[in-house]
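Chain and residue survey
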Amino acid sequence: MSVKLGVPSKGRLMEKTFDWFGQHGITLTRTGSDREYAGAVEGIGGVSLVLLSAGEVPRELAAGRLHFGVTGTDLVQEKLPLWEQQVEPMAELGFGHADLVLAVPKAWVDVDTLDDLDAVATAFRTAHGMRLRIATKYHRLVRDHLRHGGVADYALVDSQGATEGTVANETAEMIADITSSGETLRANHLKVLEDPPILRSQATLWRSRVAEVSDGDRAVAAALITQLTG
Ligand SMILES: Nc1ncnc2c1ncn2[C@@H]1O[C@H](COP(=O)(O)OP(=O)(O)OP(=O)(O)O)[C@@H](O)[C@H]1O
Ligand SMILES: O=P(O)(O)OC[C@H]1O[C@H](OP(=O)(O)OP(=O)(O)O)[C@H](O)[C@@H]1O
């Protein structure tokens, strides 16, 4: 057995995660060819590295197949309805900052808040005989947020990428997505509602509350926590 650590397998998140572990004396490396998802851990024994999509880390932690994992708060809260019972945040890593926001076309000059959106959504349904469509991959978080905000006349449209393009493509009237610099929203002629974001996310180290830890692995897990957070 070994302690399993799951880390995003590509892109910005992987590189910054590798850097963060390096700063804590643990070297993570991708091994094999450029395209092979195999990894190695140096600086602590008994830990094996699993490289996987950031979006799959929450499920693997909740299933107990990973003991520790790095991914964004947004993905954990979206994918795990009972996240507080399934995972424990061990450290915020200080990168991967992004806000989950609602954004509407810049041309909607009368819509700046959730209250405005509520009025427009109702008027939209009356005028068009269909619900206003919101493109997103964050279905659960958006539904909860709109329910609390009292907005009911809408339909979610699933969008797993390039979500800002759905408005120009006429598959949705507005979107809910993460934004960091705001450039993608601006480039697609969208503006963020003025209310606080649905969620402020950053890359976080999580511990699975359900993964079984063998007697042999217990000391390794404790040493890893001390080295990373002590
Ligand atoms: N522009 C950005 N700036 C900062 N953080 C971002 C940005 N885009 C995404 N993130 C964060 O990075 C994490 C991974 O997001 P991403 O959508 O790339 O995951 P994914 O869908 O699992 O990726 P893939 O399936 O392509 O591996 C999320 O927690 C997200 O909040
Ligand atoms: O505010 P910005 O700095 O412009 O960043 C926001 C963009 O970054 C993410 O997309 P990503 O690059 O992960 O691609 P995706 O659209 O395929 O999810 C996110 O979905 C936004 O589209």
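Residues numbered from 1 in each chain as written. Chains lettered and ligands numbered in written order. Predicted model: local features only at pLDDT ≥ 70, side-chain atom pairs only at ≥ 80, totals over all residues. Heavy atoms only, no water.

Going by the annotation in an unreviewed UniProt entry, the name recorded for the protein is ATP phosphoribosyltransferase, with Roseobacter cerasinus given as the source organism. Under the UniProt heading Function (unreviewed entry), the entry covering the protein gives this text: "Catalyzes the condensation of ATP and 5-phosphoribose 1-diphosphate to form N'-(5'-phosphoribosyl)-ATP (PR-ATP). Has a crucial role in the pathway because the rate of histidine biosynthesis seems to be controlled primarily by regulation of HisG enzymatic activity." Per UniProt, the protein carries the Pathway (unreviewed entry) text "Amino-acid biosynthesis; L-histidine biosynthesis; L-histidine from 5-phospho-alpha-D-ribose 1-diphosphate: step 1/9." (UniProt positions renumbered as here; feature names shortened; annotations may be inferred.)

**What to know about the UniProt feature "domain: ATP phosphoribosyltransferase catalytic" (unreviewed entry) in the protein**
Feature annotation in UniProt places "domain: ATP phosphoribosyltransferase catalytic" (unreviewed entry) on residues 55-228, given in this structure's numbering. Regarding residues 55-228, the helix share stands at 38% and the strand share at 27%, and the terminal C-alpha atoms are separated by 23 Å. (Helix = DSSP H or I, 4+ residues; strand = E, 2+ residues; numbered from the N terminus.)

**Some details on the domain arrangement of the protein**
One frequently used descriptor of interface size is the decrease in accessible area upon assembly of the parts. You can read the domains of the protein as domain 1 (3-97 + 202-229) and domain 2 (98-200). Computed from C-alpha coordinates alone, the two centres of domain 1 and domain 2 are separated by 32 Å. With ten residues of domain 1 at the interface, the matching set in domain 2 holds ten residues. Carbon and sulfur atoms make up 48% of the area that domain 1 and domain 2 hide from each other, which totals about 810 Å². Among the residues domain 1 hides against domain 2, the three largest losses belong to Asp74, Glu78 and His97. Together they make up 62% of the total. Linking domain 1 to domain 2 there are seven residue pairs in polar contact (both at pLDDT 80 or more). Looking at the side of domain 1 that touches domain 2 residue by residue, the classes come out as three nonpolar, five polar and two charged. (Domains from an automatic or database assignment. Contact = heavy atoms within 4.5 Å. Buried area = accessible area lost by both parts, 1.4 Å probe. Polar contact = N/O pair within 3.5 Å; in protein donor to acceptor, adjacent residues only side chain to side chain. Nonpolar A, V, L, I, M, F, W, Y, C, P; charged D, E, K, R; others polar.)

**Side note on the nonpolar core**
Grouped burial of nonpolar side chains is what soluble globular proteins tend to show. With 26 residues, the main nonpolar core has Leu5, Phe21, Leu28 and Leu205 as its most contacted residues. Those elements that provide at least two residues to this core are β1 (3-8), α1 (11-23), β4 (47-52), β5 (68-72), β6 (87-92), β13 (203-208) and α9 (215-229). Not counting residues up to four positions away in its chain, the partners in contact with Leu205 are Leu5, Phe21, Phe68, Gly69, Val70, Glu88, Pro89, Met90, Ala91, Leu93 and Leu228. With 23 residues, the next largest nonpolar core counts Leu102, Val104, Leu114 and Leu193 among its residues. (Core = buried A, V, L, I, M, F, W, Y, C linked by side-chain atoms within 4.5 Å. Buried < 20%, exposed > 50% of the residue type's maximum accessible area, 1.4 Å probe, protein only.)

**A closer look at the sheet that holds β13**
An order of β4-β1-β5-β13-β6 is seen for the five strands of this open sheet, with the pairing classed as mixed. Of all the strands in the sheet, just β4 and β6 have a single pairing partner and so form its edges. Neighbouring strand axes in the sheet, compared pairwise and without regard to direction, differ in orientation by 30° on average. Examined bridge by bridge, β1 and β4 share six bridges and lie parallel to one another. Bridging from a neighbouring strand, Leu5 pairs with Leu49 of β4. Lying on the sheet, α1 is in contact with β1, β4, β5, β6 and β13; it crosses β1 at an angle near 135°. Along the sheet face, α9 touches β1, β4, β5, β6 and β13 and points at about 40° away from the line of β1. (Pairing = 2+ DSSP bridges. Axes fitted to C-alpha atoms, helices over the stretch in contact; angles between N-to-C directions.)

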